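Examination of the molecular architecture
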Amino acid sequence: MSILDRLSRLLRANVNDLISKAEDPGKIIEQALRDMRAAYAEARSEVADAMSQNAKLEREANTNRRMASEYEKKAEEALRGGSEDLAREALRRSQNAKDLAVGFEEQLQVQSGTVEQLKTQLRALEAKIDEMESKKSLLAARQKTAQAGATLDRVSGFDKAGGAMDAFEEMEQKVSGMEDRNRAMQDLRKENDFDAQLKDLGRTQALDDAMAALKAKVQGGGGSSGS
């Protein structure tokens, strides 16, 4: 598992723990930065260990190459001295040393690739820490702005005034409804008054007609008795 993979698991665990405790964003980022710095120190140690392993592998490869060369010389000396068995043994040891040198060189190549990967991850981690540092400052500024806005709402009373304003608007609507109903009732009363006036007008006319008829009768009767 790479350094960044391990770091990712660590960060997720710690951040999820902070979120579950309802910590503020600043604390979450600060904790993440602490974890990242710790991982960075661990990564540097791993890179240093890998580089020291590189040096050891290279040293072992050089040592075995040198031993292979020395055994070849001894084999040549033994053969010149008439000792074929010693020459053969020297050649066998020379070949073993060569094989070991090749094995160390192959391992050195693999290890060198690992070192380069670790260095790349280390640089990426360093860049990520710088990015998080910048975001931390930005988040802190945003958080202060948000807190200032919340404070302003509390001071101005707007956070509590919303319910009162809604109640006022509801009451205003009720009053408007009552006024509309009163106007409608007034209009109905006016219509009823008009009908009553018409009926009274009819009664008055009938009374006038009856009075005129009575007068005519009386006047007519008086004339007959006088003659």
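Conventions adopted
Residues numbered from 1 in each chain as written. Predicted model: local features only at pLDDT ≥ 70, side-chain atom pairs only at ≥ 80, totals over all residues. Heavy atoms only, no water. Helix = DSSP H or I, 4+ residues; strand = E, 2+ residues; numbered from the N terminus. Contact = heavy atoms within 4.5 Å. Areas by Shrake-Rupley, 256 points an atom, 1.4 Å probe, with all protein chains shown as cover. Core = buried A, V, L, I, M, F, W, Y, C linked by side-chain atoms within 4.5 Å. Buried < 20%, exposed > 50% of the residue type's maximum accessible area, 1.4 Å probe, protein only. Salt bridge = Lys/Arg side-chain N within 4 Å of Asp/Glu carboxyl O. Patch = residues over 30% accessible without salt bridge, like charges linked within 9 Å, V, L, I, M, F, W, Y side chains within 5 Å. pLDDT = per-residue confidence, 0-100. Polar contact = N/O pair within 3.5 Å; in protein donor to acceptor, adjacent residues only side chain to side chain.

Another aspect to go through is the overall build of the protein chain. Looking only at helices and strands, one finds 4 helices and 0 strands in the protein chain. For the protein chain, contacts bridging at least 24 residues in sequence account for 78% of all contacts bridging at least 6. Accessible surface, the protein chain: about 16,900 Å² in total, of which carbon and sulfur atoms supply 55%.

Judged by nonpolar contacts, the single largest core of 15 residues is most densely connected at L33, M36, Y40, L122, L125, I129 and M132. Among the elements that make up this core, the one with the highest residue count is helix α2 (residues 25-80) (9 residues).

Moving on to the pattern of salt bridges. One pass over the structure, following the stated rule, counts 7 salt bridges. Of the charged contacts in the structure, one is a salt bridge between E133 and R37, with a shortest N-O distance of 2.4 Å. Taken together, the residues span a long stretch of sequence, with E133 in helix α3 (residues 84-156) and R37 in helix α2 at a distance of 96 residues. In this structure, the salt-bridge partner of E131 is K128, at a minimum N-O distance of 3.6 Å. Taken together, the residues E131 and K128, both in helix α3 and 3 residues apart, mark about one turn of the helix. Note on K128: relative accessible area 39%, which makes it partly exposed. Each of E89, R92 and R93 takes part in a single network of salt bridges with overlapping partners.

Further remarks concern a nonpolar patch on the surface. Among the surface-exposed residues, M211, L214 and V218 lie close enough to one another that they form a single nonpolar patch of about 290 Å² accessible area. Topologically, V218 is positioned in helix α4 (residues 158-226). The exposure class of V218 is exposed, given its relative accessible area of 56%.

This paragraph deals with the environment of T63. The topology assignment puts T63 in helix α2. Remark: the alpha-carbon pair of T63 and A101, spanning 38 residues in sequence, is separated by 7.7 Å.

Examined against the element boundaries, S94 turns out to sit in helix α3. Setting aside chain neighbours within four positions, we find S94 in contact with A68, Y71 and E72.

Glancing now at the environment of G103. Position of G103 relative to the elements: it lies in helix α3. Considered as a pair, G103 and E60 are 43 residues apart in the sequence and their alpha carbons are 9.8 Å apart.

With that settled, consider the confidence of the model for the protein chain. With 66% of its residues at a pLDDT of at least 70, the protein chain reaches an overall mean of 76. Here residues 223-227 is a poorly scored stretch, pLDDT under 50, and it has 0 contacts once near neighbours within four places are set aside; other chains count.

With respect to the helices, strands and loops of the structure, N54 is situated in helix α2. A polar contact of 3.4 Å, which involves the side chain of N54, links it to the side chain of S112. Setting aside chain neighbours within four positions, we find N54 in contact with L108, Q111, S112 and V115.

Attention now goes to the environment of A90. Turning to its location among the elements, A90 is positioned in helix α3. A90 sits 16 residues away from K74 along the chain, and the two C-alpha atoms are 6.3 Å apart. If we ignore the near neighbours within four places in the chain, the residues touching A90 are Y71, K74 and A75.

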